[in-house]
Amino acid sequence: MLDGLDPEQREVALALHGPVCVLAGAGTGKTRAITHRIAYGVRAGILQPTSVLAVTFTNRAAGEMRGRLRQLGAAGVQARTFHSAALRQLQYFWPKAVGGELPRLVERKVQLVAEAAARCRIRLDRNELRDVTSEIEWAKVTQTVPADYPAVVAKTQRDAPRDTAEISQIYAMYEQLKRDRSVIDFEDVLLLTVAILQDRHDIADHVRRQYQHFVVDEYQDVSPLQQRLLDLWLGDRDNLCVVGDASQTIYSFTGATPEHLLNFRTRHPNATVVKLVRDYRSTPQVVHLANGLLGQARGRAAEHRLELVSQREKGPEPAYTEYGDEPAEAEGTARRIRDLIAAGVPAGEIAVLYRVNSQSEVYEQALSDAGVPYQLRGAERFFERAEVREAGVALRGAARAGGNDSLLDDAEGLPSQVRAVLSTKGWTTDPPAGSGAMRDRWESLAALVRLAEDFEQAKPGATLSDLVAELDERAAAQHAPAVQGVTLASLHSAKGLEWDAVFLVGLTEGMMPITYARTDEQIEEERRLLYVGVTRARFHLSLSWSLSRSPGSRGGRRPSRFLNGPRPGSTGLGGRGTVGGGGGVERPAVTKRRRRGPALCRVCGKTLTDAGEMKLMRCEECPSDMDEALYERLRDWRADRAKEIGQPAYCVFTDKTLMAIAEAVPGSAGELAGISGVGVRKMDRFGAAVLAICAGEDPVEGLGGDDGEV
Ligand code: ATP
Ligand code: MG
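Basis of the calculations
- Throughout, residues of each chain are indexed from 1 in the direction in which the sequence is written.
- Lettering of chains starts at A and numbering of ligands starts at 1, both following the order in which they are written.
- With pLDDT at 70 or above as the cut-off, local features in this predicted model cover only qualifying residues; side-chain atom pairs require 80 or more to be listed or tallied, and sums for whole chains, interfaces and linings still use all residues.
- Hydrogens are left out, water is left out, and the side-chain values use all remaining heavy atoms of the structure.
- Think of a salt bridge as a Lys or Arg side-chain nitrogen and an Asp or Glu carboxyl oxygen that are within 4 Å of each other.
- The secondary structure listing takes helices from DSSP runs of H or I that are at least 4 residues long and strands from runs of E that are at least 2 residues long, numbered from the N terminus.
- Only protein chains enter the calculation, and the probe is 1.4 Å; a residue is then buried if its accessible area is under 20% of its type maximum, exposed if over 50%, and partly exposed in between.
- For each residue, the test is whether any non-hydrogen atom lies within 4 Å of the molecule or strand; if one does, the residue is near.
- Under this definition, polar contacts are N or O atom pairs within 3.5 Å; protein pairs additionally need one hydrogen-donor-capable and one acceptor-capable atom, and for neighbouring residues in sequence, both atoms have to be side-chain atoms.
- For the area figures, the Shrake-Rupley method with a 1.4 Å probe applies, and any residue is considered shielded solely by the protein chains shown.
- As a working rule, the residues Ala, Val, Leu, Ile, Met, Phe, Trp, Tyr, Cys and Pro are called nonpolar, Asp, Glu, Lys and Arg charged, and the rest polar, with Gly in that last group.
- A pair of Phe, Tyr and Trp rings is counted when the ring centres sit within 6.5 Å of each other, with Trp represented by its six-membered ring. The angle between the planes then sorts it: under 30 degrees is stacked, over 60 is edge-to-face, the rest tilted.
- Think of each axis as a best-fit line through the C-alpha atoms, taken over the contacting stretch in the case of a helix, with angles from 0 to 180 degrees between the N-to-C directions.
- By the definition adopted for this analysis, an angle is roughly parallel if under 35 degrees, roughly antiparallel if over 145, roughly perpendicular if from 65 to 115, and oblique otherwise.
- Crossings are sorted by hand: turned counterclockwise from the far helix by less than a right angle, the near helix makes the crossing left-handed, and turned clockwise it makes it right-handed.
- Any pair of residues with heavy atoms lying within 4.5 Å of one another is described as a contacting pair.
- The rule for pairing is simple: two strands pair if DSSP sees at least two bridges between them.

Chemist: Outline the pattern of salt bridges, supporting the account with residue identities and numerical values.
Modeler: Applying the stated criterion to the full structure yields 36 salt bridges. Of the charged contacts in the structure, one is a salt bridge between E128 and R162, with a shortest N-O distance of 3.0 Å. In this pair, E128 is assigned in helix α6 (residues 126-141) and R162 in the loop between α7 (149-156) and α8 (164-181), connecting sequence segments 34 residues apart. For E128, a relative accessible area of 25% gives the class partly exposed. A salt bridge links R267 to D231; the shortest N-O distance between them is 3.2 Å. With R267 in helix α13 (residues 264-267) and D231 in helix α11 (residues 224-234), the pair connects residues that are 36 residues apart, well separated along the chain. Residues participating in the shared-partner salt-bridge network are K140, E175, K178, D185 and D188.

Next up, the structure:
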């Protein structure tokens, strides 16, 4: 259990009693350290699985953690969000504490706020309504009642979206409306749990007897209300392990604050504090960009930043792409994703991340058009989806009928039986065209088919009943099978997660930072959000933006200010002055051709003297606009060729030459021959294959003889 940890992580895992605080950057293994810690404690018999409560911030992260714990042999440990843990306790204790059923959750909060404003005769436009709703949420998680709201805002110098007396009025009316209608909101779930645990010592004791050990992931985003709940759960005990990264604080707008993380030692002087700096997730290229972004950060969180050190091998440079308009950006992204999948990157290992959910639609469309599977929803609710439940019923029915189900007459083996049953529920061999509900349904059923295939592989000879039992167990553990699609998600919901390839899209001023981020702190939070996005990538990272919204409209947009510096052609950190208005702009292949005459860097324009740099046609440290998927395909092809002819890979082509090819994407023999490192012999032997790969076709081998000599 401890073998998979480095010495500092092991220290975390071994500190099973008393307060523990892990302060570390993205990808350093915080989540890994705490899951191993719990699993180690459970398997060593030191922790009772049911006495541990692990809290994370999103349902998806909680699902991931349950999955990891299960794999490590520590099933039975509760891993939940604050909200779901509180809701569960509230439902359980409500009849005893208050009587009757727990009121239902309000479905459309914004509408209720609008109604409250109307009753107060205050007119709000759509944006103001959103801002006032968030402001009420903030007031509630900071435990500020309507009457105190104006004074608290004045004292904390908060930038309120409207006159504070008006907000206070709307807030009070909103609370009144909820009471009248017997509904509660999201924040009430925590507030009511806190109130019950505070007032009813018998109930608090009950909860404390149940849970002895607490673990909190992403602790930098804890709100005062969640902290209060945590304190009540703990009572006077201190078996609390928190992990977090102040540089990833992205929920301050909801009242969260990294202060609890940063001041942990002040509150718990005997705490074990561990820092981790080795980044196991991302390549040095991704880490370099992440460190650069943080280097420009300001404010309290930034004072505590830790420079990350990548533990991985070199990878491709992050790609920066400028598009004319949003549909072009989505299409270009979908094309690159298709290339990556063709090059062997599983769709489930790719994510497109954006700032606001409304950006998803154009990507859904583009991916569907490109025939790329995707998933929009978090996989944690997989077993709650209507189609999955229906499919479960059908599978159970077929399993019960055993050999007597005519559906299964022609189906041999578990996967084909499952396909036969699910085809009555809408599963087809090929996905339906277009996006939307039909497609979502199909993706879910296809995930079940894949699950059956995997299950059969793991347990040859397994029956339909075995599979149904497995599904029940997974549903109970809320462990969804990985839906093998590209993930489309907001940056906020991506925290804690990772993918081989990440596309950060829509990076324009106005979107990143978002228009309504006005104060310095809000801008800093946006920067951290981008940092979170960048650090989700293991290997491929693409950053893109478009100059206008739709084709033909005026292109007045500018790339995000946070990319000034890292972005090719921009000034600032790491940049080399402006070159022709911006390198990294996706240019037609013709402009990528090799220039004759003195070799100049095609990014910064400097004269090149180093042979390696001349091969690349750019300075080593200038950013690359290489087609990474193509580079990967070329490398795979080279490995096969090298093996075939029994020589080292560099005898086929060196890395630099392959990179130069992937950057230039030659479309003809002439263009390929112009690339340094592609001599006459190599042209003869490999030219056709390389050109075919560049054109996206399968390489035609064997041209030009194959005498084993290079
Ligand atoms: P974030 O701040 O984004 O939540 P994190 O610090 O929680 O990141 P993890 O998700 O735990 O990081 O780990 C990042 C990746 O590095 C995971 O794929 C994990 O399995 C891997 N990893 C972490 N520690 C090690 C280790 N000691 N050896 C090998 N791989 C590791
Ligand atoms: Mg984590």
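Chemist: Mind laying out the site of ligand 1, listing which residues take part and the relevant values?
Modeler: Lining the immediate surroundings of ligand 1 are 20 residues, of which K30, T31, R281, E498 and R536 lie closest. Q9 places a polar side-chain atom, nitrogen or oxygen, 2.9 Å from a nitrogen atom of ligand 1. Across the complex, the protein chains shield 85% of the 640 Å² of accessible surface that ligand 1 would expose by itself. With three residues, helix α2 (residues 30-43) is the largest single contributor of residues to the shell around ligand 1. Broken down by class, the residue content of the shell around ligand 1 amounts to three nonpolar, nine polar and eight charged.

Chemist: Hey, could you go over the packing of aromatic side chains for me, with residue numbers and the actual values?
Modeler: Where two aromatic rings form a pair, the distance of their centres and the angle of their planes describe that pair. By the definition in use, this model includes eleven aromatic pairs. Summarising the aromatic geometry, the rings of F82 and W233 are spaced 6.0 Å apart at their centres and angled 5 degrees between planes, so their arrangement reads as stacked. Placement of F82 in helix α4 (residues 82-97) and of W233 in helix α11 is noted, with a sequence separation of 151 residues between them. For the pair formed by F82 and W233, the shared burial category is buried. When the centroid spacing of 6.0 Å and the interplanar angle of 10 degrees are considered together, the rings of F214 and W233 count as stacked.

Chemist: Got a sec to walk through the packing of α4 against helix α10 (residues 201-210)? Specific residues and values, please.
Modeler: Following both chains from N to C, one finds α4 and α10 inclined at 150 degrees, their axes separated by 11 Å at the closest point. For the element pair α4 / α10, the angle class is roughly antiparallel. In the crossing of α4 with α10, the sense of the turn from one axis to the other is right-handed. Contacts between α4 and α10 involve Q89, Y92, F93, K96 and A97 from the first element and D202, I203, H206 and V207 from the second. Residues of the contact of α4 with α10, tallied by class, amount to five nonpolar, two polar and two charged.

Chemist: Describe the sheet that holds strand β2 (residues 52-56), with residues and values.
Modeler: Strand order in this open sheet of six strands is β3-β2-β6-β7-β1-β8, and the pairing throughout is parallel. Unpaired on one side and paired on the other, β3 (78-81) and β8 (272-276) mark the two borders of the sheet. Looking at each pair of strands side by side, their axes are set apart by 15 degrees on average, direction ignored. As paired elements, β2 and β3 share four bridges and run parallel to each other. Bridging across to β3, T56 finds its partner in T81. Contacting β1 (20-24), β2, β6 (213-216), β7 (240-244) and β8, α2 crosses the sheet at an angle of about 160 degrees to β7.

Chemist: Run through the sheet that holds strand β14 (residues 486-490), naming residues and quoting values.
Modeler: Judged by pairing direction, the sheet is parallel, and its six strands sit side by side in the order β11-β16-β15-β12-β14-β13 without closing on themselves. Strands with a single pairing partner mark the edges of an open sheet, and in this sheet they are β11 (319-325) and β13 (374-375). Bridge analysis of β11 against strand β16 (residues 537-548) gives six bridges, and the strand direction is parallel. Across the sheet, residue T321 finds its bridge partner in β16, namely S544. Where helix α17 (residues 360-369) meets the sheet, it contacts β12 (350-354), β13 and β14, and its direction lies at approximately 170 degrees from that of β14.

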